[in-house]
Each structure stands twice: as structure tokens, then as C-alpha cells.
Amino acid sequence: MNATIYVPDFLVAAVVRLEPALREKAVAVLEGEPPVVTVAAMNEAAAEAGIEPGMTKLQAAAYPVELRQRSPAQEAAAHAVLLDCAQAFSPRVEDTAADTIVLDIAGLERLFGPPAKLAQDLARRASELGLEANVAVAANPDAAIHAARGFASVTIIPPGKQAERLGSLPVDVLQVAPEILQTLDRWGVRNLRALAALPEVAIVERLGQEGLRLQKLARGAVERPLVPAEPPLEFEETMELEHAVELLEPLAFVLGRLLEQLCARLGARALATNELRLMLDLDAAQIEDSPRDRVIGRSGHRVIDSAVNSMTRSPDAPMTRFIRLPLPMLDSRLFLKLLQLELRAHPPAAPVMKVTLSAEPVQPRPGQGGLFLPATPAPDRLELTLARLAGIVGKQKIGAAEVLDTHRPDAFQMKRFAPSAPQGLKPRRESGDREIGSSEHLKTDHLMTRSPDPAMYSTMALRRFRPPLAATVEVRDGEPVRIAAGEIRGEVASVSGPWRNSGEWWKSTETTPRIDTDDHGSNWARDEWDIAVPGTQGIALYRIYRDLASSAWFVEGTYD
Amino acid sequence: MYVELHSASAFSFLEGASVPEELVDTCVAAEMPAMALLDRDGVYGSPRFHLAAKKAGVKAHIGAEITFLPLRHRDTENVSSFKFQVSRGRLETRNVKRETCCIPLLAESRAGYQNLCRLITRMKMRGPKDAPPEVIAACEDDLREYAAGLICLTGGDDGPLAAALAEGGIDAARREVERLVSIFGRENVYVELQRHFLREEEARNQAAVEIARELRLPIVASNSVRYARAWQREILDAFTAIRHHRTLGTAGRLLARNSERYVKTPREMAHLFADLPEAIAETGQLSSRLEFTLADLGYEFPRYPVPEDETMMSFLRKRTEEGARERYGRADRHLRQRARRQIERELALIEKLDLAGYFLIVWDIVRFCREQGILVQGRGSAANSAVCYSLGITAVDPIQMELLFERFLSEERGEWPDIDLDLPSGEQRERAIQYVYQRYGKLGAAMTANVITYRGRSAAREIGKVLGFDPEMLDRLAKLVGSWEYRDPDETLERQFRDGGFDLTHPRLRKFLELALAVQDLPRHLGQHSGGMVVCQGQLDSVVPLEPATMPGRVVVQWDKEDCADMGIIKVDLLGLGMMAVLEDSIAMIHRDYGEEADLAHLPADDPAVYAALQKADTVGMFQVESRAQMSCLPRLRPKCFYDIVVEVAIIRPGPIVGQMVNPYLKRRQGREPVTYPHPSLEPVLARTLGVPLFQEQLLRMAMIAAGFTGGEAEELRRAFGFKRSELRMRDIEVKLRAGMERNGIAPKAQQQIVNSITSFALYGFPESHAASFALLAYASAWLKCHYLAAFTAALLNNQPMGFYHPSTIVKDAQRHGLKFKPADVARSKRLCTLEDVSSFTFHVSRKETADGAQRETRNVKRDFAVRLGLRYVKGLREEAARALVRERERRPFASIDELARRVPELRKSELAALAEVGALNSVSSFEFQVSSENEPANLKLETRNVKHHRRDALWQVEKAARPPGPLLEEIAEADAASPLPAMSDEERLVADFRGTGLTLGPHPMAYRRREMDALGVRPARELPGLPNGKRVRAAGCVIARQRPGTARGFVFLSLEDETGIANAIITPDLFEKNRLLLVGEQFLLVEGVLQNLDNVVSVKAERVMPLAITGAATRSHDFH
């Protein structure tokens, strides 16, 4: 015998579970990002109020319904609750879908009483956990699944009565492929009874083996073994410390032991890891005394940290750090080094009470690359070096600089440095193929460098000040005449310009990061001037510019 | 003095952001005396530029930026291979990847302009429409051939000088300029300098100045204008992104660096070039050299070939006289004399204006159509001409109808007359077009262009795309734009957006809205006008560049219809009219199936059945009189003669409605209001429309009589108030009008009345001649519907979509008139709807003895036809599959579905299922059945089959037949067997009918629910006319039309169809607001309110509306919003 728990309107149920006040209300769940947020699911009350899937948030807001944003975390939690609930009754549980769990209840009568009672208990238990579920018991898993999906609350189908009881259910409980569903609809086959009644051979002739399978399902006659849910592979080691550790040195010792354990376990299963998660429980008494910034790390990294893990925002939560690796590895000493670097960069804000270390298991990478491929640095050592550098300069300042395709001067972004994936020998690009962004495209920017007569149109190199120097500039008749910026000061001897640039006008001055995730910066406009300023060592040439939005002047660089 | 000599408009298609008029406006504001328009590879915008400049008193220089392929750096092999490929007309460009630049060329003289047009034509005709630039680019030889009369600038960042400089430095640049000098001549090359505040540009300028000094060439400043105002750079950036299929975010350096390419004032330019004043001065010098403007186009109308001893005029005179004899031969003497006088007058004017050739050419096209059996009829103002009537171009007698010739042609106007020919849409029209091509040669005739501009939806879609919105959001935004025709005054865009579920406070949405509005009406690309053709004596390509259209074998000119007319190029409109095709098809069916002849030229003039139908507003499917508004007018107007139909066609137009002429006319007609005239002198003009002006001709005559205008002046007045109205012109002419009326002693009140009627009319009124031409078609369609309902309905169904109603409504209406329909059937249906003789039960035979004693048998047959639905109505069945099916069936009938599937492999499974679902396979019988039914009468056999098989049997069989049985069993024919499936219920059949064909031949969905409706107190539509005015009623039905006309102050009109007819409901703006979703979305509605039953016009003024759940079938409504 099998029992099935099914939670109708699962997306809504996942939300309502945490907000019991919504239980009696019309609720719709939204998904998507502004400006397009649409209704993903709703409960019956909301559907009756007129809500339909696909409505935008604004449209849905016109109805008397509670709107909530869809939350994968809540759904995962609700699913885990469902699984827990099932596992409390049976050791053999199938994790069929997010909203459906099947239990093997054969032989459980002695423990839980007859199936009807067990089903009632199961439903009550789910309800106590905040999920209103349908429960069905039948001779085989599929019949139980369909009954739970089709009938409200608790259904018990005695063995041999599947076809009879399931008959009134609509065909779509079978989760049929759309084209078959369309055919059945054309045939006027709307419920399982009608499907079950069709002649078998004729079904195979028309719908193939899939048709036959569906028909068997409709008759509740599919016998299949349950696919029990396996407990997830978890690699986690925890150590509670007798005495809170304040210094990194003893902490490293603890970490080293834990890492060795983890690596040995991973190795035993021929796995490696590409992500390590370190959780440090801190001495709460001391946290409150310390400034909040320290809990998170150094104040300068706060934003980045929160992007890495929103949990670190809360001062009550344990301190969590991630080490993400570009390739799967299994080297406890390397891991220890990386963790040490990470902790040196972000020391814990208070003495450590408990250390938890977990590793994400993945398949190890193959040992050998191509014979003719250029040698690349060993990934583990490279990673170590990068981590060290990041510890010194900050994570966002390390990587490979990538010039952006924009007129905005000096625009670039840092990409995480990773050796390129092994590639075969590629034929050289034909000279005729030109791409935007290729060096050829930059031709016009360096027009004069190609001149056959370099003496006449020599190119001057610009040494950029990064960041540019703020300057005070006196302007007469629209032209700069005097400048003061740190050591650069004096009359402007000669001037050329303005060179006018502006762009990204479609972006607002304040970007909203949620939408403009692919964008960099906001709109900009500036007038540049090249000026000559007499100095102590002769005349120096500078490029200065005025930011038209703020009207502020800057020295961008000096010409050699 | 500074003149902008290098500017491009939005007619450079996505490379410019302002329309020519805007450029001229800013040019005027900047006090520039002249400006040159150089669009990319074309003179698309030049007529509008020319006209705007003329109006503003600015000189408009014309030129173009020519895509050029500098071959200097290519090796000879590539050059030769390129030439070879071009000469073979192929477009292979694999080996010759080339970079193009563009040369600005200005037309100095007419010869220069002609060369420019020819050069562009040659380039464009090299490749298909939208060929990449390197395919169409001009090469050096092209330039040499057409250099005369053209002035060359060295261009900006995409010019030849810049390209050479980038590739080979200053020496290469010098060589390039020398090459240009060798092509265009030393005095015709100007070194161009531009300053947009860019470093590299300045470096280029230094090189350019140096080269100019070395070669002693003049330097000239320009701003390479791409938009009129600085902010429009945003539009240009958006266009650039569209052109490169990118979003603004990913377009990177393809976008502009700054916003400096706007129209700068001479002061700004002088300031910019303060160090090179000669560059500014030279612009004035060069401008004064450029003599050519579009006023000097040199267009010549083709001569019609006539026999040697004839002139075109004498030939036309003869043809006219021949025709007049035929037309007026049987008329009374008075009419004949009037006709002769009018024809003489017209011919004299035609001779004076040298237009004989034009009339002969149109006559020739009409003659060709007649010979080929293609229905053709002139429409529009040509129907005012007795010559056109005599030549058979038009079908309305202007003498008898006293139409005003000046509306068609006048001496003062100085423009060509406009003759539009209506032809049956589709293949027949194509034949007429091909005839004109063939007759005048490829360079002698072309279609006029149709400039596709950004409109609501396309603008929303493309702007949304470049802003990086996802497809789902684009769909939503596009749907939002352009909803109902009428907008409440408080219906702002913000509100529309909010209703559509968008929050306009989001910055990106705001930018979207701003840009989408800014690009409205900017040209997007060039299309082809549906029927406008221009013809020319010989070289049309020297008047305006020609380019290939998307349709193979078609060539279009670069100007649209209006531009051609403005430039004085004569055109003939060969318009496709769905109703003409219906008439033609009906006549063919009457000939083929009824064995009778219907001649549209000789229809009985006053057929009582036609007028009875019109008076009852029983007009579904009839031309021009079938709309809801027409239907509500017909019972009040009660047409009794042909002229009443002319009035009926003209009266339901925005002109009379806006001018509030409809009610006064109808009241006077019903004798409820006295017939008065603004002034006694106007009585002769307005008498036949009871003192109310209804036609454009009347306003012309009013101006002639009241203010003493000549015919030409009056037409000028109409145009001043017409579509291209300008305040200034209207004011001038109104002053003139009032002065004239003052002179004639017309009282101020009457003056105002006359001015009012003229202003409201000129824009939207119909010319009487046009109304008369349409009325003829309306009468013909009504006559056919009354007498040959089956043929007319079949033809109507075969030419859908057209008209006001969906096919389902047409079918239901015909059924109510007693027409029988038969369902689509693979054993009988053709692709189109056909007639089936069902008269065998009703014919009578009588024998008479003749004088010589022989017995003569007379069959007094009451012919009766049913319409067999064509396979084109089976949704999802492709045309080629339908044709293959019919072809195969004609070889041998199908014995089973299995056989059908095997013999017509073109049929996909989904198509078989679609056929089965609508019952088209029901009659394909099983093997056993065919044997037993061999000798039975056809009709009986059909009956039996219908009983035996139902749609689900077929669906059951189809599913098997569509699965390949495998090679072993392939050849074994299999008989159809009965299925275990239940037959469809009524509701299921309805759903299947509407899903599969969009209509049902069975009972109306409302018929199934009549009992429930009765219980709800709902009256059938048929009963409403019998109920008294003011009674509270309930009406219900399927919504077949929703209208919210702009002239109705927010009222919404619904047409509700039930099994007995159509009921009308009026929804007030308040009620609409409260029930918006219901009224817009529901298929079936119940309306409760007060019955308005006045003058046989019946409608329910709704006070409550309720949705009805009648059927799940997807009925359709024709929504005008």
C-alpha cells in the first residue's frame, strides 16, 4: 500500500505556511522582476476573486487579494517540511515532486493503525506543520498520487477498486503531454473512466506505448516500485570549542583537522569540492560590544559581502564565509591556506565558540589536459595566489581587466581571472572578419598612429590618474585659464578643446541595481580640454575634464 | 553667411532622426537662407523638403550621400571577380569583403539631378530590396558615368577622405581627393570640414586643410546634420541600435559620441570655424552655384501611340464620341445635348492642358481589363467627367447626376487629374498592373512607394526592444498602444499604462514612453503602395530613383503617392476592392451554376426587392451600407431611388456627422423640418439634398455661387481645408471667401453657416461622384444578394476578410434568409466555397402543344442552391494541402480515411485532425458501405452516411491513419471502422465548429438556450422592432461588433446576434467605465434597458449588462478600437 501527500497550490501554500494569518484569505504569488512582475499562482479564493495567472502586479493589485513575492527559499523549506512529515511515518518515501510525496505504508498497521487512520494522521501532521494537504491511500504509488491530486482531503481506495474510484477524475491529473491531451480532448475523453474504457490495441495503434501507459494509469493498474528519496550527500564537520578561540593560529589548527576529515570523506567517495563553507559561531556576549561592521568584516567590504551571502547581514547569525574554487579540488592544505587568507582579510568579530565546515561535493576534474595545449599555471596554486592578492587589494579589484565597449573614457570592469578552458588549435581568424570591440574597431581612436609619417602626427601617450584628480579651474570665455589641482597649478599657457563626450543617456542618474544588473554606471556627459601648464620643469600637458552633471573639474592625466 | 550643405533626414532610414519639415523649421529659425538635404542613397525626403522649404522661403538644395566602394586597395583579382559577379547579376560577395564609405553629392543642375537619380537607380537595382551596402555600392566607373552636374564633398567620418586617411595616411588621402577631382572635375570638388568637438575629427581636419591647400581646392564647412535638435540624438542612438539589431546597452561605440549633429545657427558655425572663415564663406558661394531645385524636375507624361494620321487629341475625341454615342444614344434629346456640350467643354480643357495622353492611357488600361473580362470601375472625382463616362472609365453618368466637373479637373489648379480604378482584389488586379509594366517598360512605369512610418505598436515594439525589454513585456506594451479609437479626455497615457499593469514612475518605462512618442511618424522603411502607379515618357529613372520592391518583378519609385502628386507626376491608382472581386465571382457563379447571365452594366434600375431590403436595413454583406451606423440610418432615410443610395453612402461619414448634417437632412426628408437654404442663391445647389450640404461638390458650388469663386479656386479651397491643411492657407482663403460673400450681399449669419459647412466638410466629406460610384457597387451587391443569395454569399465568403462582419455572421444572416449551407467535406468541397444544386426536389415539368402539334417540354424549375463550405475555412489546413487533396480526389474518390492519408501525403496529422473535427471526413465511407450504396441516389447516400459516421469516428480513425504503419503493412488498404467514442454533444460540436472553422452551420449558440432566455425575460432580436418605444426590455446575444467611434463622445455600440437576428445596444460612457472588462471581454452579453424604437430604428439603451455563459465556443467579434 502507498500513501500520497499532495499540497494543492503549493506556491501559495509555501507562503501561507509562514503567515498563518493568510490562511483564510485570497492570496496570489508573484514572480519576476520589476517592471514586469506577474502572478505565478493563486489559491482558490483568489481565483474566484478574478485573479488569473500572468496578470501583472498592478492589475492584480486592483483585486481584494493579498500579494506575495514568490520565494524559492520558502518553497524549499515547505518541501523539506513535507518530506520530514512523510519520513516521520515511513522509512521508504518517494520525493515525487515539490508538492507531492509518496510513502510506502506496507506493514505499518501495527505502528499507526489501519490506512485510514494513518492517512488522517498524516494530513493532521501536515496541517500542524502549516501545510493543508490532500492524502490518498491506494494499492500502488501512481493511483495514490492521482487520487491525492484529484480528491480533496483524505481518500482511501481499497485494493482492486482503483479504476472505479479514479474514474471520475479529469484526464489532466495524469500530467499528459499537451498533444496527447489535445487528442483525448478531441475524442471527448475527459475523465479516466473514458480513457480506461478504450480498447487497448486501438490505443496502442493511435497513441503508441505512451497511450497504453496512460490507460494503465487511468485504470490504476501500474505497478511500480517506489523510488525512495535518498538522504542528500552532505559533507559537514562541526567542532564545538571548549574555550572560545580568539586568535587565528589555534583556529587554523582546528580548521586543519576538520578539513582533513572532510577531504578524507570526499576522497572515499571519489569526489572533490568546488565550494567550502565556513560557519563560525561567535561569543554572543562579546558581539554586542563590538561595532557591527566588524561582525561582517571590514566596513569597506560590506556591500560585497552582502552580495555574497545575505545572511551575513544579520548580527545574530553565525559568521559565514565561502571559498569558491574555479575547479574541483581536494587538497586540505590548500584549503587551509585559503581559509586562513580569508580569515585574515575578514577576522571574526568575537571569540569563536563553534566551527562548522561544509563542502559542496562535485566530480573531480579529469587529470590530464590536451598534449598540445599551452601550459597553464596549476589551478590550485593560481587560486592561492589570487586569494592572497584579493586579501591585500580587495576582491573586486582583482581579476582580468576587460575594456568595455563604450565611449565613456577609461571604462572597464574586472572579470574573475580564470585560465581559459582548454581548446583545440583554432584556425586564425581571417583578416577580413571584423568584430565590434576588436582592436581593428578601435582604429579611428588611434588614427594617427598608423600614419606613415610619424614625425608629423606623433602620438602622445596619456598617463591616467586613477582616480582623476579633483581640480579647481578658472574659466574665461568658456576656456580654462588657470588650474589648481594638488601640485598641478598655474596659468594655462595654451588650450585645445573642448572635446565633448556623453552617453548612456537612457540610464537614470541613480541606477536601480535590481533592473540594471547588466549595466555599468549611469548616464554621463563631459567636456575635455588638453591644456599646457608651465611648471618648474618646463611646460607640462594635461588632459582635464569637466563633468557636466556635477560641474566639477578633474585632471584626467598627463601627456608624456 | 552659412548654409548647411550636408544634412540628412529620417528618410535616410534609421540614420537620421528628424523629418525634412523639422529640418526646414530649424533652418528658418536659424535664419539660414538655404539648406541641402542629402539622404543616404536616395532622394526619399526631397519632395517634402522642397515643399516645406518653398513654403518657408528657404532654398532647398537636393543631393544624396552615395554609398561608394573605394576599390583602390583591392587586388585586381578581387576587383575583377567583383565585376564579374555584378555583371552576372549575382550577389556573391564571399571573396570580396569590402568596406564602403559614402560620398556626399549635390545636384548643381537638372542634368546633375537626373544623373544622381540614374546613379541611385543603377545601384539599387543591383541587388534585391534591402541588399547590404557593399552589394549596391557605387564603384568608380558608376561615378564617372554620372558625374556631370554633380558637386562632390569629401565627406565626414564616413567619407572617402577619412577612409583613405585611416588606411594610408595623408598621402593616400591626397591621392583619394585627386581621384575625386579626376572624376568630378577640379571646380566640382570641395574639401569638407566638420567640427563636432572630437579629437580625431580635428586631426582629420588638419590633414584636409593641408590637402586642400596643396591641391588648391576650396574648403567648405558643414555640420553633417542628422537631426534638427540636440535632444534628438537619443532617437538617432535608438535607431542605430535598431539598425544593428542590438540594444542600447550592447551597442557600445556604434552609438554617437555626443549630441552635436543638430542644425547649428550660422553664428554657432562661424564661432566654431573662427580660425577658418573661408570655410564658412564658401558655403554661401557654393549654395549660390546650386541652381537646381525640385521645381525644375523635367517630368514628361508619356505619349500614347496613335495611328500616323491622328494626333492624341483627335484620337481621344474619336474614342470619346464613340463612347458617347453608346452611352447617350438612347437618352432624351435634352440630356443628349447637355452631354454633348459638356463633353465638348471637357475636351477643350483637356486639349488646352495637353492631357489627352493621360486619358488615353487610362482608357487603354480599362480596355485591357474589359477584354480580359476583369471588372473595372473608375472611382473618385473622375466620375465627375463626362469624357471618363463616355470612355467607359467610370459608370456614373455625370450629366444626369449633375456632377461638378471642376472637382475633377480645372485649369487653375495646375495639377494632374486623379483617376482611380477599382479592380477585383487579388490576381486580376495583378494582371492589370503587369499590363502597365509591359506596356510602358521597366523604366517607364513603377509603383509609388508607401513610406512605412513608426506607428503606435511598431514604435512601442522596437523602442522596447532597444531598451532591452524582454519579449513578454514587449507584447504587453505593444498591446497597450492604440486601443479604442475614442479616448476620454482624462484617459492619459499614464492611466493607460496603469490599466495595462505598468508603473510609469519606473525610469526606464518613462524613457520608453518618451522615445516611443518621439519616433511616431518617423519613416522606418520603404514599402510599396498597394496600387498607385506612375508612368513617364521614357526615363522615369531620371525623374526619381527607382528601386526593387520586395515582390519579385516590381519596381517602386522613392516617393510616395502624395509626394508624386506634389511633384506633378501623374499617377493611376489600380486599387484592389474586395467587393469588386465578390461581384466578379458572383457573376461567374451565376453563369456557371445557374446558367444565367448577370450584367452589372444593365441591372434593372429600380428593383423593388433591393429597396425593400435597404429600407429594412437588411443589409449584412452589402457594400458600404452594412455597418451598424448605416443600418441605423437606413430605416430613417428609406431609400427609394438610386440617388438615395448615393446620399446614404455619403451621409454616414465623419464630415456630415461632425458637421451635424445627418439629423437635419433626415428630419427634412421625413417632413419634420422645413427645407431652408442659407441663401436663396444656393437653392439650385442644395435643393436635391434638401438644403443640407452633403457632398464636396456642393461646397465647391456654394463657394462658386456665394463668393464668386471659379471652379479652380473652389477646388483650391477644398484642398486648403483638406488633409494637408495649413492654418495660413485656410485663413487666406477664408478671408477671400467672406469677401466674396460680402460682395454678393450674403448676411453675416448665412456667411458663418456656409463657412462652417465648408470647413467641416472638406476634410471628411465624400465627393458626390465617388459616392455615386460606390452607390453603384452598393446597388449591385444588394441586387445580387436579393436575387442570387447563394452565389453572392459564396463569393462573399471566398473573399474574406472584408467588410464589417465576420463570416459567422454572414452565414447566420444568409441562413435566416433561407439559404442552405453544407459543411466542409473532403468528398465534395473545393478549396473555395461552391454552389450545389439542391433544386431536384422542386422542379415541375409541364408540356405544351405547339402550333405544329409537337409536344414541347418546358421545365419550370425552381432553382435552388446550397453553399458548400470550402476547405479554406478549415483552420490549420494549408492551402497547398487543400489543393493537393482536391486534385487527388478529382482523380478518384477516397474510400477511407486511411486511403486519404496515404494518397495525400501533403496532409499533416494536425490537418487531418482539423478536417475530422469539423466533420469534413464524415462522408468518407467505410469499404463495406460503399459497396452497398452503389446504385442509390446521391442525396440519399449522403444522408445515410451522415447517420453512420460522426466526427469522433473520423477523429478516431485519423489518429491511426496518421501513424505510419511501417513498411510491411504500408500497402494494405485498411477500411475505416466504427470507433468506441461517443458522438459529440451539441456543445462540443459548437466548440469544434468555431475552433475549426470560425463559424457554425448548425443552430446559433443562442438557440440552444432559448428556453432559459425566455425564463430570464430576454426577447429575441426579431421581436424588438414590434415593441413600443420606451419599454423596458432585456436583449441578449453573441457580441458580433463593438464600436466606440470618435464622433460619439465615448458611447459604445454593441451588436448582439441571436438566432433570430441582430439587436443593437447603446452603452453610455458611465456604464462602459463601470463594466469595462465585461464589455470588452465577454462573448455573450445580456443587456437590460429602455427600448428605443423610433423611425424603425431599434436599439436598447443599456442600463445593466450581464455576462452570459452560453457556450465555450470561441465566437468572434469585430471590434473597432
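Conventions and cut-offs
- Residues numbered from 1 in each chain as written.
- Chains lettered and ligands numbered in written order.
- Predicted model: local features only at pLDDT ≥ 70, side-chain atom pairs only at ≥ 80, totals over all residues.
- Heavy atoms only, no water.
- Helix = DSSP H or I, 4+ residues; strand = E, 2+ residues; numbered from the N terminus.
- Buried < 20%, exposed > 50% of the residue type's maximum accessible area, 1.4 Å probe, protein only.
- Contact = heavy atoms within 4.5 Å.
- Areas by Shrake-Rupley, 256 points an atom, 1.4 Å probe, with all protein chains shown as cover.
- Salt bridge = Lys/Arg side-chain N within 4 Å of Asp/Glu carboxyl O.
- Pairing = 2+ DSSP bridges.
- pLDDT = per-residue confidence, 0-100.
- Axes fitted to C-alpha atoms, helices over the stretch in contact; angles between N-to-C directions.
- Buried area = accessible area lost by both parts, 1.4 Å probe.
- Polar contact = N/O pair within 3.5 Å; in protein donor to acceptor, adjacent residues only side chain to side chain.
- Nonpolar A, V, L, I, M, F, W, Y, C, P; charged D, E, K, R; others polar.
- Patch = residues over 30% accessible without salt bridge, like charges linked within 9 Å, V, L, I, M, F, W, Y side chains within 5 Å.
- Lys, Arg positive; Asp, Glu negative; His and termini not counted.
- Charge placed at Lys NZ, Arg CZ, Asp CG, Glu CD.

### Side note on the overall build of chain A
On a plain count of helices and strands, chain A comes out with 17 helices and 21 strands. Across the 560 residues in chain A, those meeting the buried criterion constitute 43%. Excluding contacts between residues fewer than 6 apart, the proportion of contacts in chain A whose partners are at least 24 apart in sequence is 59%. When the accessible surface of chain A is split by element, carbon and sulfur atoms take 53% of a total near 30200 Å².

### Some thoughts on the pattern of salt bridges
A side chain with one charge can pair with a side chain of the opposite charge if their charged atoms come near. All chains considered together, the criterion is met by 113 salt bridges over all chains. A salt bridge links E21(B) to R48(B), with the shortest nitrogen-to-oxygen separation between them at 2.9 Å. Here E21(B) is found in helix α1 (residues 20-29), whereas its partner R48(B) is found in helix α2 (residues 46-56), with 27 residues between them in sequence. Using a relative accessible area of 26% as the deciding quantity, one classes E21(B) as partly exposed. Exposure remark for R48(B): the relative accessible area of 26% places this residue in the partly exposed category. Linked by salt bridges that have partners in common, D410(A), R464(A), R466(A), R526(A), E528(A), D530(A), R543(A), E556(A) and R199(B) make up one network.

### Considerations on the pairing of strand β22 (residues 1052-1058) of chain B
Residue and element names in this part refer to chain B. With 7 of its 7 residues buried, β22 lies for the most part within the structure. Every second residue of β22 is oriented toward a common face, with V1052, L1054, L1056 and D1058 on one face and F1053, S1055 and E1057 on the other, all of them buried. Note: strand β21 (residues 1032-1043) against β22, 5 bridges, orientation antiparallel. By the bridge assignment, R1042 is partnered in β22 with L1054.

### A closer look at the confidence of the model for chain B
All names here are of chain B. When pLDDT is averaged across chain B, the result is 85; 89% of the residues are at 70 or more. Below a pLDDT of 50 lies the segment residues 73-97, which in the model reaches 27 contacts outside its immediate sequence neighbourhood of four places, other chains included. Of the regions scoring below 50 in pLDDT, residues 483-487 engages in 21 contacts with residues more than four places distant in sequence or in other chains. Scored as a complex, the prediction yields pTM 0.73 and ipTM 0.70.

### A few points about the pairing of strand β21 (residues 552-559) of chain A
All names here are of chain A. Burial analysis of β21 places 6 of its 8 residues in the buried class, the great majority of the element. With 6 bridges connecting them, strand β15 (residues 462-476) and β21 associate as antiparallel partners. Note that in β21 the partner of R464 across the bridge is G557. Pairing of strand β20 (residues 538-547) with β21 involves 7 bridges; the strand directions are antiparallel. If you follow L541 over to β21, its bridge partner there is Y559. Following β20, the chain reverses through 4 residues before pairing antiparallel with β21; S551 in that reversal takes a positive phi of roughly 60 degrees.

### Let's talk about the sheet that holds strand β2 (residues 34-40) of chain B
Residue and element names in this part refer to chain B. The sheet built from 7 strands is open, its strands ordered β1-β2-β3-β4-β5-β6-β7 with mixed pairing. In this open sheet, the two strands that pair with only one neighbour each are β1 (4-7) and β7 (219-222). For this sheet, the mean angle separating the axes of adjacent strands, direction not counted, is 35 degrees. Strands in contact with helix α7 (residues 160-184) are β3 (59-68), β4 (101-107), β5 (150-153) and β6 (189-194); relative to β4, the strand with the most contacts, it is inclined by about 30 degrees.

### Things to note about the interface of chain A and chain B
Listed per partner, the contact involves 58 residues of chain A and 65 residues of chain B. Surface buried jointly by chain A and chain B totals about 5300 Å² across both partners, of which 55% is contributed by carbon and sulfur atoms. A salt bridge links R500(A) to E260(B), with the nearest nitrogen and oxygen atoms 2.9 Å apart. The interface formed by chain A and chain B holds 18 residue pairs in polar contact (both at pLDDT 80 or more) in total. Broken down by element, the side of chain A that touches chain B gets its largest block of residues, 6 residues, from strand β18 (residues 494-503) of chain A. For the side of chain A that touches chain B, the class distribution of residues is 24 nonpolar, 17 polar and 17 charged.

### Let's talk about the environment of G527(B)
Residues and elements named next belong to chain B. Following the sequence through the fold, G527 ends up in strand β11 (residues 523-535). The spacing of G527 and G708 is 181 residues in sequence and 43 Å in space, taken between C-alpha atoms. When near neighbours in sequence (up to four residues on either side) are disregarded, G527 contacts A449, N450 and I452.

### Remarks on a positive patch on the surface
All names here are of chain A. Together, R333, K337, R344 and R388 make up a positively charged patch on the protein surface. Per-element accounting of the positive patch gives the leading share, 3 residues, to helix α16 (residues 332-345). You can see R344 is positioned in helix α16. Residue class for R344 comes out exposed when judged on its relative accessible area of 57%.

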